[in-house]
Amino acid sequence: VHCVSESIKLEAMQYRLDPTKAWVIRPAVDPHFFYPPPSTLRQDGCFRIVSTGSLIWCKGYEYALLAIRRLVDMGVPAKFEIIGEGPERQRILYTIDDLGLHDHVHMLGKLSPEQVRERLQQADAFLLSSLSEGISNAVLEAMSCGLPVVTTDCGGMTEAVTDGVEGFVVPVRDPDAMANRLRALWKNPELRLAMGT
């Protein structure tokens, strides 16, 4: 049985998976395709945050949007791009409207891999607000592009991101923690660069 993280293996064992029949093979990305841009620090005054993934309930986008609302209320000039399509699109659009985030959140829909890479290379931070994951390929792609990550502590994400090293790990369903960690990255460009590196 192929498990994408140790966390998934342990969860499967609760359903009687024989551990001798399980292999943890973590996902990987191609660093020759996903790579950092030549220059990573811009001085345009905008703090760009990006998320990629299917627009489904388990990605927790409502918590990401609440975090962006808090960030904007703290005075951070945040721009949040969501890449992906899915059945939750309309609900996410309503949430953007309810929170008054039209000027700060942009739904980009489905993009080509080259366009995703370009958006990652133009961003300052990556946000994963998921409620459930194995290990997120989107996070690995962002890290490969030199982005610091703010991720929820779900599934095997702590096997990919060490809190305070490649980014920050926050509790699931905690927009305040997401906002505070994103604000810390906004305030400290050198920290963003160090974590991305």
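To be clear, the structure that these remarks concern was listed above.
Residues numbered from 1 in each chain as written. Predicted model: local features only at pLDDT ≥ 70, side-chain atom pairs only at ≥ 80, totals over all residues. Heavy atoms only, no water.

In this section: the overall build of the protein chain. Within the protein chain, the secondary structure is distributed over seven helices and eight strands. Referenced to the eigenvectors of the C-alpha coordinate spread, the extents of the protein chain come out at roughly 55 × 35 × 30 Å. The proportion of buried residues among the 197 residues of the protein chain is 47%. For the protein chain, the proportion of contacts with a sequence separation of at least 24, taken over those separated by at least 6, is 64%. Accessible surface, the protein chain as shown: approximately 9800 Å² in total, 52% of it carbon and sulfur. One way to put it: in the protein chain the 20 positive side-chain charges average out to a point 0 Å from where the 25 negative ones average out. (Helix = DSSP H or I, 4+ residues; strand = E, 2+ residues; numbered from the N terminus. Buried < 20%, exposed > 50% of the residue type's maximum accessible area, 1.4 Å probe, protein only. Contact = heavy atoms within 4.5 Å. Areas by Shrake-Rupley, 256 points an atom, 1.4 Å probe, with all protein chains shown as cover. Lys, Arg positive; Asp, Glu negative; His and termini not counted. Charge placed at Lys NZ, Arg CZ, Asp CG, Glu CD.)

Right, let's get into the nonpolar core. Residues I49, L65, L71, F80 and I82 are the most contacted members of the largest nonpolar core, which totals 33 residues. Mapped by element, the contributors of at least two residues to this core are β3 (47-52), α2 (61-73), β4 (78-83), α3 (89-98), β5 (105-109), β6 (125-128), β8 (167-170) and α6 (175-187). Broken down by element, this core gets its largest block of residues, eight residues, from α2. Once you skip the residues sitting within four places of it in the chain, I82 turns out to touch S51, L55, Y61, L65, I92, V105, H106, M107, L108 and G109. I135, V139, A160 and V161 belong to the second largest nonpolar core, which has 21 residues in total. (Core = buried A, V, L, I, M, F, W, Y, C linked by side-chain atoms within 4.5 Å.)

Another point: the sheet that holds strand β7 (residues 149-152). Taken together, six strands build an open sheet; the order of strands is β5-β4-β3-β6-β7-β8 and the sheet is parallel. The sheet is open, and its two edges are formed by β5 and β8, each paired on a single side. Pairwise comparison of adjacent strand axes, ignoring direction, gives a mean angle of 20° for this sheet. Relative to β5, β4 is paired through four bridges, and the arrangement is parallel. In the strand pairing of β5, I83 is matched with G109. The sheet contacts of α3 involve β4 and β5, and relative to β5 the element is tilted by about 165°. (Pairing = 2+ DSSP bridges. Axes fitted to C-alpha atoms, helices over the stretch in contact; angles between N-to-C directions.)

All told, the structure shown has nine salt bridges when counted by the stated rule. R91 serves as the salt-bridge partner of E62, at 3.6 Å between the closest nitrogen and oxygen. Taken as a pair, E62 in helix α2 and R91 in helix α3 lie far apart in primary sequence, 29 residues in all. Note on E62: relative accessible area 22%, which makes it partly exposed. The partner of R192 in a salt bridge is D124, with the nearest N and O atoms 3.8 Å apart. Of this pair, R192 sits in helix α7 (residues 189-196) while D124 sits in the loop between α4 (113-122) and β6; the two residues are 68 residues apart in sequence, bridging distant segments of the chain. Of the residues examined, D124 reaches a relative accessible area of 6% and is grouped as buried. (Salt bridge = Lys/Arg side-chain N within 4 Å of Asp/Glu carboxyl O.)

Restricting attention to buried positions, one finds in α4 the residues V116, R117, L120 and Q121. Down the axis, α4 shows its buried residues gathered within 135° of arc, on one side only. Residues of α4 that are buried make contact with β3, β4, β6 and α5 (137-144). (Arc of directions from axis to C-beta.)

Before going further, it helps to spend a moment on unusual backbone geometry. Residues other than glycine seldom take positive phi values, yet R16 does so here, at roughly 75°. With respect to the helices, strands and loops of the structure, R16 is situated in the loop between α1 (6-14) and β2 (23-24). Here R16 falls in the exposed class, since its relative accessible area comes to 78%.

These values are about where atoms sit, not about what they do.
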